[in-house]
Amino acid sequence: MIEFEAPKPIAQQSYVLKTVAENMMRPVSRYFDEHEHEIPWDYINFMHMAMKATGAGSLAPKETPKKDADGKERPRIGYQMLACMLEMLSWGDVGIYLCTPGGGLGAAAVQANGTPEQQAKFLTRFGEEKPAFGAMAMTESQAGSDTSAIRTTAVLDKEKNQWVLNGEKIFVTGGQKSLEEGNGLVVVWATIDPTAGRAGMRPFVIEATSPGIKVSKLEHKMGIRASDTASLVLQDCRVPYENILGSPEVAQEKTTTGFKGAMATFDATRPLIGATAVGVARATLELLKEILAEQGVTIRYGLPRQKLTSIERDIIDMEVMLRSAWLLVIKAVWMADNRKSNSLEASMSKVRGGDVVTKITQRSVEIMGPLGYSRDLMLEKWFRDAKISDIYEGTGQINRLIVARHILGYSGRNLR
Amino acid sequence: MYSFEPTEEQKMLVDTVARYATSNLRLASHDADEECQLPIGLIKKGWELGVLQASTPESYGGFGEHSAVTGVLAAEEMAYGDLAAALSVMSPGLFAVPILLAGSEEQKKEYLPPIVEGDWTPYTAALIEPFYDNDLNDLKTTAMLDNDGYVISGNKSYVPHAREAKAMIVYASLNGMTQGFIVSNGHKGVQVGERQKMLGINALPVYPVKFDNVRVPSTNRLGGTDGHDFSPILASSWLASAAMALGVSKAALEYAINYAKDRDVFGMKVAQKQSIAFMLAEMATDIEAIRCLTWEAAWLVDKGKEEAYKEAYLAYTGAADMAMMVTDRAVQILGGHGYIREHPVEKWMREGRSFAMLNGLAIV
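Residues numbered from 1 in each chain as written. Chains lettered and ligands numbered in written order. Predicted model: local features only at pLDDT ≥ 70, side-chain atom pairs only at ≥ 80, totals over all residues.

A.B. asks: Can you help me understand the overall build of chain B in this one?
C.D. replies: A count of helices and strands for chain B gives 10 helices and 10 strands. Computed over the C-alpha atoms, the radius of gyration of chain B is 20 Å, within 12% of the 21 Å expected from 2.2 N^0.38 for a compact globule of 364 residues. Taken along the three principal axes of its C-alpha coordinates, chain B extends 80 × 50 × 35 Å. For chain B, the proportion of its 364 residues judged to be buried stands at 57%. The contacts in chain B between residues at least 6 apart in sequence include a share of 74% that link residues at least 24 apart. (Helix = DSSP H or I, 4+ residues; strand = E, 2+ residues; numbered from the N terminus. Rg over C-alpha atoms; globule rule 2.2 N^0.38 Å. Buried ≥ 20, exposed ≤ 12 C-beta atoms within 10 Å, placed from the backbone. Contact = placed C-beta atoms within 7 Å.)

So, in structure tokens, the structure goes:
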């Protein structure tokens, strides 16, 4: 039955996180924007403590569904929960949210690609005493959206049964914290056969303690400044054989399992980027409406458009964008929870989220006139924070390509 | 819980309507638009699918409970076949649904069974007025209390099937509040004008209707002597418009996809060009997003939630924009062929323009 009632646990969690967003994020939002590369430890320690107390370890959903007293499986809501949490934290501050301890994208990749043993081995660290971070390293200076063009290599040293990785990764969200602040990990994508294109791609878990990996640069960004974006150099970086994610055959065969694993990771994470985009957009629209209300501007819902003022039309448009984008995110994660293939909806929600947050933040700055351009208001910050949602985890264009291939029934060869 | 899965009954109904839309309506669509007329047999067949009947409780002749969610699901499929036909098939609902939602017990007992139990019979509502700033919450047609009845005066426009309708609900401003009044056709003072010609939806017969001091007893006021709240009716009309905008858009997108996959250009298919493929991706994304919004609004209406009115308005507004964007691009993707009436996309584009201004032609 078609329903739109947030499940109780989600409603409760959203309520708790709203308090976190209001009390631990908003008050320091401007500070961490202006002090790039300082780490928001108060937030991190609090979130780590809170997640440990609830046994969560990380924000990522549990694989096994909970059971009722009578042994019946409860409906899975893990991804829906996660989307709602991320939306709320991003409403607080998306840059600070990206500093949340736990596995992040690294854990998502381990979950999407790793065997149960690997998941157990690599993910338990996030529930330990000290906070730890996870990251995923895919992009290289010559390989962005075209991930199969990566040049970082992984060679098997048969004598020592170790993988030896060499190369340089850029734009690794949380890369510094994962390697230098606690016992974290980075999932590095490398090729075991540079001539094989995507068939050579494999994910490797590089731990903070692994030798031969270091942070070479921290980027200075337009927005989300609280979050570190690192370049990582791998120089004869050695990891045990079992650190290649997936079943043992994965290492030998010429297979696109690795590449498909990367894409599966994106199916899981793209709606979540959509959720963070919606969080920023909602923060913006709420503030805009609040300021307008103080100025005596009320929005008359229900009027024909010909009678609306330009500002009313803008606000109503933005509300349509915001709500519909959010529902598309919910649909995509609901499908993930129900084990329905959601690659199309995941990309749609990412396209819509990225579009909507950039439009809403741009227009809100404009509607506020000269005030919108000032750092006295948060609007200019959210304008800067917003743009990344249309870029990372697949640009708006890459996701349009994916949507188009789906609706046209085309492969990558048919539609390049 | 969140769920995007319709019930089994809803799926069956939608499948039935979809078959009728594809095998009957779509085939008749082109000629109906050209000739400004729909075969009556086609409308009767659509009526027999039982969309309104399934939304009317047994005590009033139907076999189900009213559900806006079911309504939007069915309306989208029906409009996907042909918008004018969908509006014709659903026109008795313009009269019956407001009575279901807001009528008094006596009104429900008197009016609903003959409509729901019988063959398709024209009934309608006079809502839209011929002014650029036509506002359904601020009508220029007035109702005045006069002894034990009301006197209605004003001009209405785009009243579907007004000429042959047995009866209609006329909406008028009573002390600034929009209220419905049940008026039988041929009543003294009701003057149905010449059939109106429109930009699109040509197969739907619509008329201007003048109300010249039309006097009705107070029991004819929708909801009885105390009247009713207009917002749920307005919200349900927004939902109907949104759902139909979705249906027309879905039809246009599908046609554009098939055309683009078939047509060669520079040694490849049109759809293999990113400029075209991206347009299609945006159309599909917009449709899916607005569909979610429409479903949520319908669910809120069914639950009687406070936010229902606002969200139905948002869904309607978003759907009107979506329909214009999607149908315009469908024509663009077909290029010159899109402009030729042999292809249906230009018709859908003309219909796509209607939603923003002509709310009130249907209700779910």
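A.B. asks: Is there a simple way to explain the overall build of chain A in this structure?
C.D. replies: Summing up its helical and strand segments, chain A has 12 helices and 8 strands in all. Taking 22 Å as the expected radius of gyration for a compact globule of 416 residues, we find that chain A reaches 22 Å, a close match to that expectation. By the burial criterion, 51% of the 416 residues in chain A qualify as buried. Look at the contacts in chain A between residues 6 or more apart in sequence, and 74% of them connect residues 24 or more apart.

A.B. asks: Where do I start with the interface of chain B and chain A in this structure?
C.D. replies: Accessible area lost during the coming together of the parts is what is often quoted as the interface size. At the interface, 39 residues of chain B touch 36 residues of chain A. Put simply, the parts of the chain that give the side of chain B that touches chain A at least two residues each are β1 (2-3), α7 (231-262), α8 (274-303) and α9 (308-334) of chain B. Ranked by residues supplied to the side of chain B that touches chain A, first place goes to α8(B) with 15 residues. Class assignment for the residues of the side of chain B that touches chain A results in 23 nonpolar, 8 polar and 8 charged. As paired elements, strand β1 (residues 3-4) of chain A and β1(B) share 2 bridges and run antiparallel to each other. Pairing of Phe4(A) across the sheet is with Tyr2(B), part of β1(B). (Nonpolar A, V, L, I, M, F, W, Y, C, P; charged D, E, K, R; others polar. Pairing = 2+ DSSP bridges.)

A.B. asks: I tried to follow the confidence of the model for chain A on my own but got confused; where do I start?
C.D. replies: When pLDDT is low, close inspection of the predicted coordinates is not appropriate. Looking at chain A, the pLDDT average stands at 92 and 95% of residues meet or exceed 70. For chain A, helix α7 (residues 249-252) of chain A is the element with the lowest average pLDDT, namely 66, and helix α11 (residues 379-386) of chain A is the one with the highest, namely 98. (pLDDT = per-residue confidence, 0-100.)

A.B. asks: Which parts of the structure should I look at to understand the packing of α7(B) against α8(B)?
C.D. replies: Pairs of packed helices are described in terms of their axes, by the angle between the two and the distance that separates them. Residues and elements named next belong to chain B. Running from N to C, α7 and α8 cross one another at 155°; their axes reach a closest spacing of 10 Å. By the angle between their axes, α7 is roughly antiparallel relative to α8. Judged by the twist between their axes, the crossing of α7 over α8 is left-handed. (Axes fitted to C-alpha atoms, helices over the stretch in contact; angles between N-to-C directions. Parallel < 35°, antiparallel > 145°, perpendicular 65-115°, else oblique. Left-handed = near helix turned anticlockwise from the far one by under 90°.)

A.B. asks: Before we go on, may I ask you to explain unusual backbone geometry in this structure?
C.D. replies: Phi is mostly negative for residues that are not glycine, and the peptide bonds are mostly trans. All names here are of chain A. Notably, Asn 161 is not glycine yet its phi reads approximately 55°, a positive angle. Tracing the chain through its elements places Asn 161 in the loop between β3 (153-157) and β4 (162-173). Even without being glycine, Ile 224 reaches a positive phi, approximately 35°. Looking at the element boundaries, Ile 224 is found in the loop between β7 (213-218) and β8 (229-240). Overall, Ile 224 belongs to the buried group, with 30 C-beta atoms counted inside 10 Å.

A.B. asks: Teacher, can you tell me more about the packing of helix α10 (residues 343-367) of chain A against α11(A) here?
C.D. replies: Residues and elements named next belong to chain A. It is at 9 Å that the axes of α10 and α11 come closest, and there the two elements cross at 155°. In terms of axis orientation, α10 runs roughly antiparallel to α11. The handedness of the crossing between α10 and α11 comes out as left-handed. Within the contact between the two elements, α10 uses Val 357, Thr 358, Thr 361, Gln 362, Ser 364 and Val 365 and α11 uses Leu 379, Glu 380, Trp 382, Phe 383 and Ala 386.

A.B. asks: I would appreciate a short explanation of the pairing of strand β5 (residues 167-174) of chain B in the present structure.
C.D. replies: Each regular strand displays side chains that alternate between the two surfaces of the sheet. Most of β5(B) sits inside the fold, with 6 of its 8 residues counted as buried. Hairpin connection, β5(B) to strand β6 (residues 177-184) of chain B: the antiparallel pair is bridged by 2 residues, and Asn175(B) has positive phi, about 50°.

A.B. asks: Even after reading the chapter, I still don't get the nonpolar core, so can you show me in this structure?
C.D. replies: Proteins that are soluble and globular tend to have nonpolar side chains buried together. Core analysis: the largest hydrophobic core is formed by 258 residues, its most contacted members being Ala75(B), Met168(B), Leu239(B) and Leu280(B). Aside from chain neighbours lying at most four places away, what touches Leu280(B) is Ala404(A), Ile407(A), Leu408(A), Ala256(B), Ile257(B) and Ala260(B). (Core = buried A, V, L, I, M, F, W, Y, C linked by C-beta atoms within 7 Å.)

A.B. asks: What is the right way to read the environment of Arg405(A) from this model?
C.D. replies: Residue and element names in this part refer to chain A. Summarising the element assignment, Arg 405 is placed in helix α12 (residues 396-408). Judged by the 20 C-beta atoms lying within 10 Å of it, Arg 405 is buried. Residues Arg 405 and Ser 343, 62 residues apart in the sequence, show an inter-C-alpha distance of 11 Å. Excluding anything up to four places from it in sequence, Arg 405 contacts Tyr 410, Ser 411, Gly 412 and Leu 415.

A.B. asks: Could you clarify how one ought to interpret the confidence of the model for chain B in this entry?
C.D. replies: Averaged over all residues, the pLDDT of chain B is 97; the fraction at 70 or higher stands at 100%. The ipTM value of the predicted complex is 0.94, and its pTM value is 0.95.

A.B. asks: Sorry if this is basic, but what is going on with α10(A) here?
C.D. replies: In an α-helix, one full turn covers 3.6 residues, which means residues spaced three or four apart are oriented alike. Residue and element names in this part refer to chain A. When the terminal C-alpha atoms of α10 are compared, their 36 Å separation across 25 residues agrees well with the 36 Å that a helix rising 1.5 Å per residue should span. Of all 25 residues making up α10, 20 are buried, and the element is well covered by its neighbours. Gly 369 sits one or two positions beyond α10 and adopts a positive phi of about 60°. (Expected span 1.5 Å × (residues − 1).)

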